[in-house]
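# Survey of secondary and tertiary structure
Residues per chain are reported as follows:
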Amino acid sequence: MARGTADRKQTENALRESEARFRGLSALSADVHWEQDEQFRFTSFSGAGLTEFEPGRTNRLLGTTRWEADYINVTPADWAAHRVLLNSRQSFRDLELCRYGAAGRKCWIRVSGAPVFDASGAFRGYRGIARNITERRRAEELRELEHAVTRILADADSASAGLQAVFRAVCETEGFECGRFFRLDEKADVLRFAEGWSVPDSAVEHFIALSRDRVYRPGEGLSGLAWQTEQPQWSVDVTRDPRTGSGASKTTPGGIGLHGAFVIPLVVGGKTIGVFSFASRKPREPEEQLVQAIIAIGRQVGQFLQRRRADEQRQILEAQLHQAQKMQAIGTLATGMAHEFNNVLRVILANLELVRMDLASGLSVRPSIDEIDKAGRRAQDFVQEILAFAAPQAPQRQRLALGDVVQETVGSLRATVPSWIHLDVEISPGTPEVLANATQIHQLLVNLCTNAYQAMNGVSGRIVLGLSDVTLEAAATRLLPDLLPGRYVHLRLSDSGSGIDPEIRARIFEPFFSTKPVGQGTGLGLAVVHGIVKAHQGAIDVESRPGMGTTFHVYLPAAQEDLAHGAVEEAYNRTHGRDRHVLFLDDNEALVSATVQSMSRRGFRMSGHTVPEAALDAVRAAPRAYDVFVSDHKMPRLSGLDLARELSRIRPDLPIIIVSGYVDEELQRAARELGARRVIYKLHTLDELIDTIDQVTGDSVSH
């Protein structure tokens, strides 16, 4: 027994000597050495590394467990997993913990530990080391933040979206509650609020909302100081900083519980374009690493905003150039259209004179009336073409015989194409129809022809417009990857001009690419052609050799079924009105009179009005007397939409048809919301109106 006692004393002495050596070595170590008891409570800290920790921090930890301390990067689930490891008496390595230290700065610690057992094998706690890795981790964290901002700005769809994402990334990484951007208003010489982000907190969100009316002058507040000095500014606690003027008001950071503030100027090209402002609920002072990182981020954002502003200005310029191209096209067509309108008027006036003479002689006036009808339709087409240039509308497609469009376009262009250029047309018989928008096809032809005669460079030559039917097999479509095998209408335009250099041929359809001198053309003509062809599910190809001319090949899908072109029942012999009562409203008295008379002869009961208020009064007086209400959209005092709104209150189920010379998606949407059944273009014939009435009243009788 005496020998056993001696052995225990010897073991205890050896353990004390070992602990003494451990403490001696730990005192020299750059790490912090720590010990815990059986309940995982800290019992001691030692080592030269203590100087790198916040003074008094280790003393406050004595008697506590690790999970009782406040660490911002470890969740309750993480702590639970760590405690399972401790309870199993296993060693652990490189547990990284992050907390906010003095002045609100982030501190990172790496901890490793091993279980301690006494001579009898009983568990006595843990012993380990901790190292301050703040400098390295902060460098990594801020570098990752800078890279994240780079990705955000590269993917941003707009300046606002980019700024919002940057604010969120910075605030979530650094623990700020909100971020704001004040842009420099050079004319007023003030900083104005431009964008802001906040955590989901009603007080902070309200503060951001109130910031929208905030402006800073040079030297005013931290933002004004950052602008004036072009240097970062910060306040550990704005409520105690005379520079900020923050009191208890809900419009100030201090008034909603914000304390730490940090502002950096956004300097691009040596010029401040605005400032970034961040605020947090904790008093804090940013360390040098954070200051430099935010300056770098501010530089990125400043360059991003400058690029965005340049893009916006470029888009405005592009829109202006697009409009200039349209106006240029109008100028090109003006002479030809004036010529054609004169022809239309001559046809109408000449045939009216024939009608008078034939009526006096008792002869048939039908041929003259048919000619007047054709001339009037062509005049309507001209109006639609002008509207398409002046105010773009959603394209309406219909079955077209391209030969007719080609002939009409060439007729218009003959007055503008120089006399020394021969403009010829070669149309193969039996060319199928296409489903297309006549105005866009007309614009396509005008742009191609204009491009062709400009390529002549003032030298006499020839332009040929050809039209034919072609069936493309699979082998052929491999050369035209946008097309599927099938039947197409092939439009070709050849000129005997100077040709296209192979080096630029691949770029001719690019917007704003032009080889013409400055001031001659916008570079949009062929880009517009390419867009129209693509919109019609077609393809365009070009073949050219310098000095040998150029040929453009356009392929448009043939309509699936050709309409039968048999004898059509004469419009004025149709009597499908079936006693339906139509209220027709238009401020043009002559149009109302003609429409009422014509539709009355086709079996409709008609009530015509030229005053919107009178038409509404008629419906109010007898809501069930009418089967359909037809109104022009552009009316004095009340528009077609205004009428639809009122009629929906008087009789919600009354079918309403709005007629307009300009129909876009906005008008159609608004009309649907107000209960109108159809929005249609100004009519070429009454047949179109009758067909629409049949549709909205449920009568499918074919005309």
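Structural notes, computed from the coordinates.

### Some remarks on the overall build of the protein chain
Helix and strand counts for the protein chain stand at 19 helices and 23 strands. Buried positions account for 44% of the 703 residues belonging to the protein chain. Accessible area for the protein chain stands at about 36,200 Å²; split by element, carbon and sulfur atoms hold 52% of it.

### Structural notes on empty space enclosed by the protein
Within this structure, the stated rule accounts for two cavities of 30 Å³ or more. Considered as a void within the structure, the largest cavity measures approximately 150 Å³ in volume. Taken together, 14 residues line the largest cavity, and the ones lying closest to its centre are Phe45, Leu61, Tyr71, Ile109 and Ala130. Those elements that provide at least two residues to the lining of the largest cavity are strand E1 (32-36), strand E2 (42-46), helix H2 (57-61) and strand E4 (106-117). Here the lining of the largest cavity gets three residues from one element, more than from any other, and that element is H2. A per-class count over the lining of the largest cavity returns eleven nonpolar, one polar and two charged.

### Points about the pattern of salt bridges
Side chains that differ in charge, positive against negative, can pair when their charged atoms come close. Counted according to the given criterion, the structure contains 38 salt bridges. Between Glu141 and Lys106 there is a salt bridge, with the nearest N and O atoms lying 3.1 Å from each other. Taken together, the residues span a long stretch of sequence, with Glu141 in helix H4 (residues 134-155) and Lys106 in strand E4 at a distance of 35 residues. Overall, Lys106 belongs to the buried group, its relative accessible area being 7%. Here Arg620 makes a salt bridge to Asp617, at a shortest N to O gap of 2.9 Å.

### Describing helix H11 (residues 438-454)
The end-to-end C-alpha separation of H11 is 24 Å, in line with the 24 Å expected for 17 residues at 1.5 Å each. Burial within H11 is extensive, with 14 of its 17 residues counted as buried.

### Points about the nonpolar core
Counting residues in hydrophobic clusters, the biggest one holds 39 residues, and the most contacted among them are Leu444, Leu445, Leu448, Ile463, Leu465, Leu491 and Phe552. The element contributing the most residues to this core is H11, with eight residues. Excluding anything up to four places from it in sequence, Leu491 contacts Val406, Leu444, Leu445, Leu465, Gly466, Leu467, Phe552, His553 and Val554. Judged by nonpolar contacts, the second largest core, of 30 residues, contains Val268, Phe278, Leu290 and Val291.

### As for the packing of helix H15 (residues 589-600) against helix H19 (residues 686-697)
Close contact between H15 and H19 brings their axes to 11 Å; oriented N to C, the two are set at 65°. Between H15 and H19, the angle is such that the two are roughly perpendicular. For the crossing formed where H15 meets H19, the hand is right-handed. Here Thr595, Ser598 and Met599 of H15 lie close against H19, whose contacting residues are Leu686, Leu689, Ile690 and Ile693. Of the residues that constitute the contact of H15 with H19, the class distribution is five nonpolar, two polar and no charged.

### Quick look at the packing of aromatic side chains
Each pair of aromatic rings is reported with the distance of its centres and the angle of its planes. Considering all chains together, one arrives at 18 aromatic pairs under this definition. With 4.9 Å between their ring centres and 50° between their planes, Phe167 and Phe276 make a pair best called tilted. Linking Phe167 in helix H5 (residues 159-174) with Phe276 in strand E11 (residues 271-280), this pair joins segments that are 109 residues apart in sequence. Per residue, the accessibility class of Phe167 equals that of Phe276, and both read buried. Consider the rings of Trp234 and Phe262, whose centres lie 6.4 Å apart with planes at 65°: the pair is edge-to-face. In this pair, Trp234 sits in strand E9 (residues 233-235) while Phe262 sits in strand E10 (residues 260-268), placing the two residues 28 residues apart along the sequence. Judged by its relative accessible area of 29%, Trp234 falls in the partly exposed class. Linked through ring pairs, Trp34, Phe40, Phe42, Phe45, Trp67, Phe92, Phe117, Phe123 and Tyr126 together constitute an aromatic cluster. Here the guanidinium or amino end of Arg89 rests over the ring plane of Phe123, the centre of that ring lying 3.9 Å away.

### A short note on the packing of H4 against H5
Where H4 contacts H5, the two axes come as close as 9 Å, and the packing angle between them is 165°. Taken together, the axis directions place H4 and H5 in an arrangement best described as roughly antiparallel. The two elements H4 and H5 cross, and the hand of that crossing is right-handed. Packed against H4, whose contacting residues are Arg138, Glu141, Leu142, Leu145, Val149, Ile152 and Leu153, the element H5 presents Gly162, Ala165, Val166, Ala169, Val170, Thr173 and Glu174 at the interface. Of the residues assigned to the contact of H4 with H5, the class counts are nine nonpolar, two polar and three charged.

### Concerning the environment of Thr409
Residue placement: Thr409 occurs in helix H10 (residues 402-413). Between the C-alpha atoms of Thr409 and Val446, which are 37 residues apart in sequence, the distance is 7.1 Å. Residue contacts for Thr409: discarding those within four places in its chain leaves His442, Leu445 and Val446.

### Comments concerning the sheet that holds strand E5 (residues 123-132)
As summarised here, the arrangement of the five strands in space is E2-E1-E5-E4-E3, forming an open sheet in which the pairing is antiparallel. Lying at the two open borders of the sheet, with one neighbouring strand each, are E2 and strand E3 (92-100). Going from strand to strand, the sheet's axes swing by 25° on average, the running direction of each strand aside. As paired strands, E1 and E2 are joined by four bridges and run antiparallel to one another. Within E2, the position partnered with Gln36 by the bridge is Phe42. Contacting E3 and E5, helix H3 (residues 76-87) crosses the sheet at an angle of about 145° to E3.

### Here we look at the sheet that holds strand E19 (residues 581-585)
Taken in spatial order, the five strands line up as E20-E19-E21-E22-E23 in an open sheet, and their pairing is parallel. Each edge of the open sheet is held by one strand with a lone partner, namely strand E20 (605-609) and strand E23 (678-681). On average, adjacent strands in this sheet sit at an angle of 20° to one another, irrespective of strand direction. Inspection of the sheet shows strand E22 (residues 656-660) paired to E23 by four bridges, in the parallel sense. Its bridge partner lying in E23, Ile657 is registered against Arg678. Against the sheet, H15 touches E19 and E20, its axis set at about 175° to E20.

### Considering the environment of Asp579
Along the chain, Asp579 turns up in the loop between strand E18 (550-557) and E19. Linking Asp579 and Gly603, residues 24 residues apart in sequence, is a C-alpha distance of 5.8 Å. Contact partners of Asp579, with chain neighbours within four places excluded, come to Gly603, Arg605 and Asp627.

Reading the values: rules and limits
Residues numbered from 1 in each chain as written. Predicted model: local features only at pLDDT ≥ 70, side-chain atom pairs only at ≥ 80, totals over all residues. Heavy atoms only, no water. Helix = DSSP H or I, 4+ residues; strand = E, 2+ residues; numbered from the N terminus. Buried < 20%, exposed > 50% of the residue type's maximum accessible area, 1.4 Å probe, protein only. Areas by Shrake-Rupley, 256 points an atom, 1.4 Å probe, with all protein chains shown as cover. 1 Å grid on protein atoms, 1.4 Å probe; cavity = no way out; pocket = protein on both sides within 12 Å on 5 of 7 lines; lining within 4 Å. Points joined across faces, edges and corners; volume = space filled by probe spheres on them. Nonpolar A, V, L, I, M, F, W, Y, C, P; charged D, E, K, R; others polar. Salt bridge = Lys/Arg side-chain N within 4 Å of Asp/Glu carboxyl O. Expected span 1.5 Å × (residues − 1). Core = buried A, V, L, I, M, F, W, Y, C linked by side-chain atoms within 4.5 Å. Contact = heavy atoms within 4.5 Å. Axes fitted to C-alpha atoms, helices over the stretch in contact; angles between N-to-C directions. Parallel < 35°, antiparallel > 145°, perpendicular 65-115°, else oblique. Left-handed = near helix turned anticlockwise from the far one by under 90°. Phe/Tyr/Trp six-rings, centres within 6.5 Å; stacked < 30°, edge-to-face > 60°. Lys NZ or Arg CZ within 6 Å of the ring centre and 35° of its normal. Pairing = 2+ DSSP bridges.

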